[in-house]
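Each chain is listed here by its residues.
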Amino acid sequence: MDESLIKRLEAAVTRLEGISSTGGGVVTLSRGGGDFSAGGAGTDAAASDPSILAYKDLISQCVGRALSAAEKIGGPVLDVTKIVAEAFATQKDLLARIKQTQKPDMAGLAGFLKPLNDVTMKADAMTQGRRSDFFNHLKAASDSLSALAWIAFTGKDCGMSMPIAHVEESWQMAEFYNNKVLVEYRNKDANHVEWAKALKELYLPGLREYVKSHYALGPVWNASGKPASAPPAKGPPGAPAPPPAPVFSSESSKPSSSSNQKQGMSAVFQQLSSGAVTSGLRKVTDDMKTKNRAGRTGAVSAIEKETPATKPAFSKTGPPKLELQMGRKWAVENQIGKKDLVISECDSKQSVYVFGCKDSVLQIQGKVNNITIDKCTKVGVVFTDVVAAFEIVNCTNVEVQCQLPQFLWTTQLAVSYT
């Protein structure tokens, strides 16, 4: 061993023994021409951890390739790709901090991960407003960032899929738009095709293999580390949490029937978000499902006896319907004036098709494969998560609220098709 190195180690041990004998002090070690404290040493150790170094390689290789392809295209595609790179860099910093931080509660986790959430919101904002010529690029990049939420996995009871599965499922949502880019530019511009392929390889196999190798069971927090960043100030003990901001704000200063209608729908969304009214909603039970009914007529039987005053209105196209067909497709059709429609027993292999409804609100509790709203008017939809796509076709005044896991991703989206 080098003699100078031995002398440095002996000097360091001597100083540590001296500090130990005096009962405290700040540990300062000499390294080359500079000094760093024990806290700085911890930061340096986290930065040199194999998992962090592997993440740097992921950024330099996979993210770098996507950036190189985006630079050939320029414009909004380059802008959104830079946001993707920023999101990955932010997650790298958070992973390094996790190695020095105690595991927080859910409120503390939201504050800890806020920097990452803020970056993803920047990408989401680029998909709003006037539709860009590169909308599919923007949407693919924005939706793909939900894969980074694997870092919020805290255990099987947290409401999320395992980290590897979460990355795969999140990419399925983004791939819907990424494939559109491939189809549109396959024979037109190789740069766009290269970008789309680079974006996919960033997540599959890139991020998936990284998570599989280093965080298959989620991040490992430091039990002896420092507390996570303090969560936002809370109200007095026992006070109910304030409801989330309404999905819609009044855009018109002139009173009109349409604006009143919009405010009324917003109030419904706010109540649904607060959870105060959902406990009284009537859920779809097993006997209401088509596969379990003897008649299989397609109409849901009413629990209470109907009276002429409460008899629901019927659409000209057919009777109202809310049922699971063939175990794969939820059909919600011809519902008029129904504000308490709920689908609670669903899974990621099922789809939801809403057709011919008016002045109604549907709540979908759970992850489904895709949701389609067709020929509906003044309809509100509240859903938890969707794997592939949410499509709105031939509709007027449709309002949508997406609620992902509360501790990290909460997205509110307003859509109005006329």
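Residues numbered from 1 in each chain as written. Predicted model: local features only at pLDDT ≥ 70, side-chain atom pairs only at ≥ 80, totals over all residues. Heavy atoms only, no water.

What follows concerns the overall build of the protein chain. Each helix and strand counted, the protein chain has 10 helices and 10 strands in total. Within the span of the protein chain, comprising 418 residues, buried residues form 40% of the whole. When contacts within the protein chain are restricted to residue pairs at least 6 apart in sequence, long-range pairs at least 24 apart make up 49% of them. (Helix = DSSP H or I, 4+ residues; strand = E, 2+ residues; numbered from the N terminus. Buried < 20%, exposed > 50% of the residue type's maximum accessible area, 1.4 Å probe, protein only. Contact = heavy atoms within 4.5 Å.)

A separate point is the confidence of the model for the protein chain. Parts of the prediction with low pLDDT should not have their coordinates interpreted in detail. Mean pLDDT over the protein chain works out to 74, with 64% of the residues at or above the 70 mark. Counted against residues more than four places away or in other chains, residues 19-41, with its pLDDT under 50, gives 22 contacts. Counted against residues more than four places away or in other chains, residues 230-262, with its pLDDT under 50, gives 31 contacts. (pLDDT = per-residue confidence, 0-100.)

With that settled, the discussion passes to the packing of aromatic side chains. All chains considered together, the criterion is met by 11 aromatic pairs. Ring geometry for Y353 and F355: centres 6.1 Å apart, planes at 10°, overall stacked. The exposure class of Y353 is partly exposed, given its relative accessible area of 21%. Through a chain of ring-to-ring contacts, three or more aromatic side chains come together here, namely Y55, F88, W150, W171, Y203, Y210 and Y215. Directly above the ring of F135 sits R131, whose terminal nitrogen or CZ lies 4.0 Å from the centroid. Its guanidinium or amino end placed over the ring of Y185, K188 lies 5.1 Å from that ring's centre, counting from NZ or CZ. (Phe/Tyr/Trp six-rings, centres within 6.5 Å; stacked < 30°, edge-to-face > 60°. Lys NZ or Arg CZ within 6 Å of the ring centre and 35° of its normal.)

This paragraph deals with the nonpolar core. Core analysis: the biggest nonpolar cluster contains 61 residues, and F88, Y203 and L207 have the highest contact counts within it. Those elements that provide at least two residues to this core are α3 (50-73), α4 (75-98), α5 (106-112), α6 (114-125), α7 (135-144), α8 (163-185) and α9 (190-214). With sequence-adjacent residues up to four places away left out, F88 is seen in contact with Y55, L58, I59, V63, L148, L202, Y203 and L207. (Core = buried A, V, L, I, M, F, W, Y, C linked by side-chain atoms within 4.5 Å.)

Below, the discussion takes up the environment of K339. For K339, the location among the structural elements is in the loop between β4 (329-333) and β5 (341-343). Note: C-alpha distance between K339 and V361 (22 residues apart in sequence) is 4.5 Å. Residues within four places of K339 in sequence aside, it is in contact with D359, S360 and V361. Within the structure, K339 has its side chain in polar contact with the side chain of D359 (distance 3.4 Å). (Polar contact = N/O pair within 3.5 Å; in protein donor to acceptor, adjacent residues only side chain to side chain.)

Counting across every chain of the model gives 14 salt bridges. We note a salt bridge from D143 to K139, for which the minimum N-O separation is 3.7 Å. Note that D143 and K139 are positioned in helix α7 at a spacing of 4 residues, about one turn of the helix. Like K139, D143 is buried. Where K367 meets E169, a salt bridge forms, and the shortest distance between an N and an O atom there is 2.6 Å. Of this pair, K367 sits in strand β7 (residues 358-374) while E169 sits in helix α8; the two residues are 198 residues apart in sequence, bridging distant segments of the chain. Salt bridges sharing partners connect three or more residues here, namely E168, R208 and E209. (Salt bridge = Lys/Arg side-chain N within 4 Å of Asp/Glu carboxyl O.)

The next point concerns the packing of α3 against α4. Look at α3 against α4: their axes get within 8 Å of each other, and the N-to-C directions meet at 175°. Between α3 and α4, the angle falls in the class roughly antiparallel. Facing α3, whose interface residues are I52, Y55, K56, L58, I59, V63, A66, L67, A70, E71 and I73, α4 presents G75, V77, L78, T81, K82, A85, F88, A89, Q91, K92, L95 and A96. Along the lines of polarity and charge, the residues of the contact of α3 with α4 split into 16 nonpolar, 3 polar and 4 charged. (Axes fitted to C-alpha atoms, helices over the stretch in contact; angles between N-to-C directions. Parallel < 35°, antiparallel > 145°, perpendicular 65-115°, else oblique. Nonpolar A, V, L, I, M, F, W, Y, C, P; charged D, E, K, R; others polar.)

Attention now moves to the environment of I164. Along the chain, I164 falls in helix α8. I164 sits in the partly exposed class, given a relative accessible area of 21%. I164 sits 53 residues away from L217 along the chain, and the two C-alpha atoms are 8.6 Å apart. Not counting residues up to four positions away in its chain, the partners in contact with I164 are R208, V211, K212 and A216.

It helps to recall that an α-helix has 3.6 residues per turn; residues three or four apart then point in one direction. Spanning 23 residues, α8 covers 32 Å between terminal C-alpha atoms, matching the ideal 33 Å at 1.5 Å per step. At A174, α8 is bent by approximately 40°, the largest bend along its length. Where α8 is concerned, the buried positions are P163, H166, V167, S170, W171, M173, A174, Y177, N178, V181, L182 and Y185. The secondary structure elements touched by the buried residues of α8 are α7, α9 and β8 (377-393). (Expected span 1.5 Å × (residues − 1). Bend = angle between axes of the 7 residues up to and from the residue.)

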